[in-house]
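Results of the structural survey
Residue strings, one per chain:
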Amino acid sequence: MVTTAKQSRPAAGGAAAAPEGWSPPAAGCTDWQGPWAGARRRGRRWRSLLWSLLYPPRGHRIAPTITGVLLIAVSLGIGTAAYNTANNILFITLSLLLSCLILSGVLSWLNLRGVAWRLHHGGPWRAGQTQTVALELRNNKGLLPTYGLWFDLGSPAGDQRRHLEIRLDPGVSTRLEWPVKAERRGLLRVRLKAVGSLFPFGFLRKSVASELEAEVLVWPASVEYRRHAEGAAWRLVRSQGPVNRIGQEGDLLALRRYAPGDAPRTVHWKASARLRHLMVRQFSAEGLEGFCLRIDTDAAVWPRAEQFELALSLAATLAEDLFRLERLQAVAIDDEPPQPVRRLRDVEHFLDRLARLETAERPTGGSRAPFAASPAAVVRRVLHLQPQGPRGVAALLDGKPAASA
Amino acid sequence: MENPRPQLSQIELQQLRWFLGGLIGVVSAWTVFYMEVDALLALAVITPTVPFFTLFPRFSRALPALFHRLAFPLIVTVFALDLWGNREPLPAMIRLDLMLLGYRCISPRGRREDLQLILLALFVVVVTGVFTVSPAFVVQILFFTGAALGLLLAVTLSDARAGGVAGNAAGWEQVSWPDLFRRLRAAADLRVVALAGALFCGVVVLSALLFLALPRFEITNDFFIDRLITKSSRTGFSENILFGEVNKIAQDGGMAFAVDVKDPAAVPAELYWRMLVLDEYSGQGFRTSAGLRNSFPPARDKAMVHGGAGRAREDRTTWTIYYQPGVSRYLPLMGGFGRLHFGEPQALAQSPALRIAALPSEPAKMVGYRVEGMDTDGVLRDRLFAREHILPAWDSPRARIFFNHEATPREADDAEAATGRESEGKEPTFLELGGVAAGDLDKLRAWVAEIGGPGAGGPDFARRAGAWLQARHTYSLDSTTPAGEGDVIVRWMGSREPGHCELFAGSMVLLARSAGHPTRLVTGFKGGVWNPTSGSITVRNSDAHAWCEIWDEANGSWVRTDATPGGRITPATTAGALSAGASRMEQDTGWSARLDGLRVFWYRRIVSFDQTSQLELVRGTKDQLRTMLVGLRELLETRVRELVEWLRQPWDFPRIFGSAAALGAIVGGVWFWRSSGRSRWMAWRSRRAASHRHDPVRREASRWLARLERRARATGAATPPELAGTRERLLRLRYGAREGWAPPAEVFAEAKRRLRELGRAGRTKPAGR
């Protein structure tokens, strides 16, 4: 699985900057973002601060709440009475109310200042499964804690809001988590849409628009499939388990670590004694009993989109299962040469490709190079995915169905 | 990383809300004590109930649902009955507010109910402040503001703690207040608390600035609220006074009014503040006769400035009087006045002949007014009475024309004759002894003869009669009148009992009238003390006094006569006595004087602040700034002049040597600072820095990194390889361990050099194209 984190532009109202204790973005998380997060430019600080108080940066919104509307209405009433009566007691009350409104704005600004956040989206993601997106929050202020923020996360599944229920002391970080279900494979965008707060008195609803966005690649969903004995693809696995014969022919290629099921006769005792763990001999014939998984994206083959999605899911599931059984030798899409699969990363790469795969129109009448002519001729057994009936998909081995979904 | 301090749970925040709500409710309800509104029953219920429910919130849950269902209809019914029964809207509304406040304080509250409580409390506090205009309002509103902001903060935090859902956590009623406050103490960072205190002070300062800066313009200026409540005056200053009522007022030590004098040197030695003139003797006291009442016209239309019978003279001192509520509707004045200014439009009834003025009703709040051209000599000229020895009815054409200074008395007579109206039967009774029995009249005549007869005139008789009274009686607030038949005053005069001012003044009236001198009784205040804290005169209710005015035929004027021991019987006419100055007054020091001073400051600077004050403030600030700038400029010019003179002096060897040494020392100092002093200073501070953030070396390195980056971006020059080394060294200074640092001064110097090179590269780039 591959996840990409992108930050389309700096945070509205302030440069995205690394806070104290900065660490570079790891895989599966975005860069830090936040209003005035760690930005310290002595010369421009006060000027920009005053300007931002007078003219809030783009994306910053301040709207009165019901309490705020009430306060404004009371202020207007008292102001009207004060001007109507020239009574200084009412002018004092009006001044205090206006000061409280200003104090509310200043405290709200202080509350958001110095707070930085970044998204963790983790992995792997698979269609149909619920994953967790976490927001790491950090208060970089020197003295003041932060209270009562909320974060709106947007995803194709809908918008969700999480509240910072605790007090975030200076220098402290915390995590907020959202469960997100990926409905389908492909690129999924998770976006932190806004950060807001009613702090301190609930007069004003201050929100800061955020464009912090993470793109997550979602693999095809896992499917239940049926194995067919007549296809002989599973015979070795089922009937003989981890075979003790397979691969014990041909030239000695290398030594490898012992795996459960390896024949005791293949153990290389000298190397095992030297390395203090069991090592076995690997012969050139060992891979010959593996499979190559191949899927065709020809739109003519897959006239129905849901059938194609099912094929991709079956391909992904088979790839994982075969790799787990160490029987996946190569994968191929369309007519491309089979890509050998040697490690987990190769399987993930294949799943990444499956996540983005779409059907394509092929020119009719053209001659297609035979698959067997590919350089990976070592692959003797090809699992080829084909439609089965109007809805199903089958993995054919030597023309016989080995699995179907 | 975990928060280092514990956090209050939602339940604890809910308990804090409950506590603050109860506190706001009780304190705001208690402000009604300052008002003269009959809400004792509501207060008697609230005062024990709300603290009880606040301390034991579980009982609020125990209230039956029926109570909550019936509470609001019941409260509204009581309000309707109250309004219908008393017909006073504002007191009824205040009582309604108190009932609602009490109910809100004892019933479980959510966010909405907390807001209602705050609004109800705000209403009470503001209305009380508007009514009382008391300096205590500042304390009340500041306390209310702090508590209300605390409550709103607790509400916001509580809702956030519940994930943005408003609602009460279950089980919050089980509260242990000591534990809660211990938790609160543990959860609070003292530095943050101090900062919150500073922010609150900032709010107060900001409010003060806003108060001064809010533009003042008047829309309609109709003070509606004082019509919603009615008050009764003190009986001692009403149109019907029984003996002893002025004396009762004198038992009260509260402030009656404060006086700001523009020129304290012009304060006379004797201060007599006239409020009421009474002419008719009833045997039990004095009252205003129908004739005298007729001379008092109805209140004129509302205006900020009212003209008086006195002549406004530019050089006269102005007197600003802050008149407390609850004294009388009659304004204290020393005599006639030229103009009388109010802070807001005000209806005023005034009798130019009597030199008294009154508001339409007793003010419910402090009234401030400025008097210009006030007569302070105790002699009131009366041309009409001088001509007729009789005052016409006010509604006669003669009086109207005369008092408006539209014509001479003769012309007024002609006008009255033309209308055919008579003023008989409506005359003041300055000579009548209606309430005195025949036997007592004989006694009076005998005493007049003993005094020496009517004499040369009113003042002469007054001096002799006053001396005679003072010789027979001493002054005492606890006076007794001998029992027996006949008139009270005559019985007292016949005895040797001590007496209070009303007895002395009443005796003088009876004696003078028996001798044929028109005389009238005057009530008001005598004296006052100088408050050095506020620089004003404080007149207390204990200064309430009664005296009389006797007709002086020779000068055609009423002359003040005070027979009460302790003062002059007739006013002094020397220049020294007329302008003795405030410094010769009795000084009022002590805490009560300071509180009075605070109150006067409040009236002077806050309550009386208006558009004129605002303009004066702006003008004053401008003048002060200008003075400062002029002073600064003069200082600079002086210094430059001195320098030039110094330079022009002959340059001998010692001067040259001294100057060179001084210049060298300065240059050397600068060089030393720039070369190593600054870096040493920085290194010393760096070693003592508490954290990386406060380390000056790291901060300086951060600045140089930013400069290099900006310059490189601006010039677009290719980054030379040696810059990478500089950058690396700066990064090491910024983030690395101290042990791995290159000498900071060298690194910064290198960075400076690189910066210049980058700048040069940027400038030469276009030329090379």
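Residues numbered from 1 in each chain as written. Chains lettered and ligands numbered in written order. Predicted model: local features only at pLDDT ≥ 70, side-chain atom pairs only at ≥ 80, totals over all residues.

Secondary structure assignment for chain B yields 25 helices and 17 strands. Across chain B, every contact between residues at least 6 apart in sequence was considered, and the portion connecting residues at least 24 apart equals 78%. (Helix = DSSP H or I, 4+ residues; strand = E, 2+ residues; numbered from the N terminus. Contact = placed C-beta atoms within 7 Å.)

Another aspect to go through is the overall build of chain A. When its secondary structure is counted, chain A shows 7 helices and 18 strands. Looking at chain A residue by residue over its 405 residues, the buried ones come to 38%. Considering only contacts in chain A between residues 6 or more positions apart, those separated by 24 or more positions represent 69%. (Buried ≥ 20, exposed ≤ 12 C-beta atoms within 10 Å, placed from the backbone.)

In a soluble, globular protein the nonpolar side chains are often hidden away together inside. One finds Ala315 and Ala319 of chain A together with Met508 of chain B to be the most contacted residues of the largest nonpolar core, which totals 237 residues. If you tally residues by element for this core, the top one is helix H7 (residues 136–161) of chain B, at 13 residues. Apart from the residues lying within four places of it in its own chain, the contact partners of methionine 508 of chain B are Ala462, Ala465, Gly466, Leu469, Thr519, Cys548, Thr561 and Ala563 of chain B. Residues Leu708, Leu730, Leu733 and Leu758 of chain B belong to the second largest nonpolar core, which totals 11 residues. (Core = buried A, V, L, I, M, F, W, Y, C linked by C-beta atoms within 7 Å.)

Before going further, it helps to spend a moment on the interface of chain B and chain A. Each partner contributes residues to the interface: chain B has 44 residues there, and chain A has 41 residues. Of all the secondary structure elements, the ones that give two or more residues to the side of chain B that touches chain A are helix H6 (111–132), H7, helix H9 (190–213) and helix H20 (591–607) of chain B. Counting residues per element, the side of chain B that touches chain A draws most heavily on H7 of chain B, at 11 residues. Residues belonging to the side of chain B that touches chain A are distributed by class as follows: 26 nonpolar, 10 polar and 8 charged. (Nonpolar A, V, L, I, M, F, W, Y, C, P; charged D, E, K, R; others polar.)

The next subject is the sheet that holds strand S7 (residues 318–323) of chain B. Residues and elements named next belong to chain B. Ordered by their spatial adjacency, 7 strands build an open sheet running S6-S8-S11-S7-S2-S15-S14, and the pairing between neighbours is antiparallel. Strands with a single pairing partner mark the edges of an open sheet, and in this sheet they are strand S6 (303–307) and strand S14 (529–531). Each neighbouring strand pair of the sheet contributes to a mean axis angle of 25°, computed without reference to strand direction. Sheet topology note: the strand S2 (residues 255–261)/S7 ladder contains 5 bridges and is antiparallel. The residue bridging alanine 258 from the neighbouring strand is tyrosine 322, located in S7. Against the sheet, H20 touches S2, S7, strand S11 (367–372), S14 and strand S15 (536–540), its axis set at about 60° to S2. (Pairing = 2+ DSSP bridges. Axes fitted to C-alpha atoms, helices over the stretch in contact; angles between N-to-C directions.)

With that settled, consider the pairing of strand S3 (residues 272–278) of chain B. Residue and element names in this part refer to chain B. With 7 of its 7 residues buried, S3 lies for the most part within the structure. As paired elements, S3 and strand S13 (residues 519–526) share 6 bridges and run antiparallel to each other. Pairing of leucine 278 across the sheet is with leucine 521, part of S13.

Another aspect to go through is H20 of chain B. With 17 residues, H20 of chain B should reach 24 Å at 1.5 Å per residue; the first-to-last C-alpha distance of 22 Å fits that figure. Taken residue by residue, H20 of chain B has Asp596, Arg599, Val600, Trp602, Tyr603 and Val607 of chain B as its buried positions. With its buried residues spanning 150° around the axis, H20 of chain B presents them on a single face. Summarising the contacts, the buried residues of H20 of chain B are in contact with helix H3 (88–112) of chain A together with S2, S7, S11, S14 and S15 of chain B. (Expected span 1.5 Å × (residues − 1). Arc of directions from axis to C-beta.)

A few words on the packing of H3 of chain A against H7 of chain B. Where H3 of chain A contacts H7 of chain B, the axes come no closer than 12 Å and their chain directions differ by 25°. In this view, H3 of chain A runs roughly parallel relative to H7 of chain B, as classed from their interaxial angle. For the element pair H3 of chain A and H7 of chain B, the recorded crossing hand is right-handed. Across from Ile89, Ile92, Thr93, Leu96 and Cys100 of chain A in H3 of chain A, the residues of H7 of chain B making contact are Phe137, Ile141, Thr145 and Leu149 of chain B. Residues of the contact of H3 of chain A with H7 of chain B, tallied by class, amount to 7 nonpolar, 2 polar and no charged. (Parallel < 35°, antiparallel > 145°, perpendicular 65-115°, else oblique. Left-handed = near helix turned anticlockwise from the far one by under 90°.)

We now examine the pairing of S11 of chain B. Residue and element names in this part refer to chain B. Where burial is concerned, most of S11 is hidden: 5 out of the 6 residues are buried. Relative to S11, S7 is paired through 6 bridges, and the arrangement is antiparallel. Bridge pairing in S11 links tyrosine 323 to valine 367. Inspection of the sheet shows strand S8 (residues 339–346) paired to S11 by 4 bridges, in the antiparallel sense. Bridge pairing in S11 places histidine 341 opposite arginine 370.

With that out of the way, let us pick up helix H2 (residues 40–55) of chain B. Residues and elements named next belong to chain B. Here H2 spans 23 Å end to end across 16 residues, near enough to the 22 Å set by a 1.5 Å rise per residue. Along H2, the helix axis deviates most sharply at isoleucine 46, where the bend reaches about 30°; the proline proline 48 sits within four residues downstream. Where H2 is concerned, the buried positions are Ala42, Ile46, Val50, Phe53 and Thr54. Buried residues along H2 sit against helix H1 (10–30), helix H3 (58–62) and helix H5 (89–106). (Bend = angle between axes of the 7 residues up to and from the residue.)

We now examine the sheet that holds strand S7 (residues 173–181) of chain A. All names here are of chain A. Spatially, the 3 strands line up as an open sheet ordered S3-S4-S7, and their pairing is antiparallel. Looking at the sheet topology across the chains shown, the edges are occupied by strand S3 (115–120) and S7. Averaged over all pairs of adjacent strands, the angle between their axes in this sheet comes to 20°, without regard to strand direction. Bridging between S3 and strand S4 (residues 130–139) involves 6 bridges; their strand directions are antiparallel. Within S4, the residue paired with arginine 118 across the bridge is glutamate 136.

This paragraph deals with unusual backbone geometry. Residues and elements named next belong to chain A. Of note, the amide linkage connecting phenylalanine 199 to proline 200 takes the cis form, showing an omega dihedral of 5°. Position of proline 200 relative to the elements: it lies in the loop between strand S8 (186–197) and strand S9 (204–218). The backbone of arginine 276 shows a phi angle near 65°, a positive value even though the residue is not glycine. Positionally, arginine 276 belongs in the loop between helix H5 (269–275) and strand S12 (279–283).

Below, the discussion takes up the environment of proline 6 of chain B. Residue and element names in this part refer to chain B. Considering the arrangement of structural elements, one finds proline 6 in the segment before H1. Along the primary structure proline 6 and arginine 185 are separated by 179 residues, whereas in three dimensions their C-alpha atoms are 9.8 Å apart. Setting aside residues up to four positions removed in sequence, proline 6 forms contacts with Arg183, Ala186 and Ala187.

The next thing to look at is the packing of H5 of chain B against H6 of chain B. All names here are of chain B. Remark: H5 packs on H6, axes separated minimally by 10 Å, with the N-to-C direction vectors making an angle of 145°. Considering the relative orientation of H5 and H6, their crossing is left-handed. Contacts from Ile94, Asp97, Leu100, Leu101, Arg104 and Cys105 of H5 reach H6 at Glu113, Gln116, Leu117, Leu120, Ala121, Phe123, Val124 and Val127. Residue classes in the contact of H5 with H6 are distributed as 10 nonpolar, 1 polar and 3 charged.

Here the focus is the confidence of the model for chain B. All names here are of chain B. Within chain B, residue pLDDT values average 82, and 86% of them lie at 70 or more. Within chain B, H1 carries the highest mean pLDDT (93), whereas helix H13 (residues 397–403) carries the lowest (43). Confidence drops under pLDDT 50 across residues 390–410; counting only partners more than four residues distant or on other chains, this segment forms 50 contacts. A low-confidence stretch, residues 418–425 (pLDDT under 50), is modelled with 7 contacts involving residues beyond four sequence positions or located in other chains. The ipTM assigned to the predicted complex is 0.74, against a pTM of 0.68. (pLDDT = per-residue confidence, 0-100.)

Our focus in this paragraph is the environment of phenylalanine 748 of chain B. Residue and element names in this part refer to chain B. With respect to the helices and strands, phenylalanine 748 occurs in helix H25 (residues 744–768). Overall, phenylalanine 748 belongs to the buried group, with 22 C-beta atoms counted inside 10 Å. Taking the C-alpha atoms as reference, phenylalanine 748 lies 9.9 Å from leucine 733; in sequence the two are 15 residues apart. Beyond its immediate chain neighbours, meaning those up to four positions away, phenylalanine 748 contacts Glu700 and Trp704.

To continue, consider the confidence of the model for chain A. Reading fine detail from the predicted coordinates is not recommended where pLDDT is low. Residues and elements named next belong to chain A. For chain A, per-residue confidence averages 78 on the pLDDT scale, and 79% of positions sit at 70 or higher. Highest mean pLDDT in chain A belongs to helix H7 (residues 344–356) (92); lowest belongs to strand S1 (residues 3–7) (36). For residues 1–25, every residue scores under 50 in pLDDT, and the model assigns this stretch 78 contacts once sequence neighbours within four places are set aside. In this model residues 235–247 is a low-confidence stretch, pLDDT under 50, and it forms 14 contacts with partners more than four residues away in sequence or in other chains.

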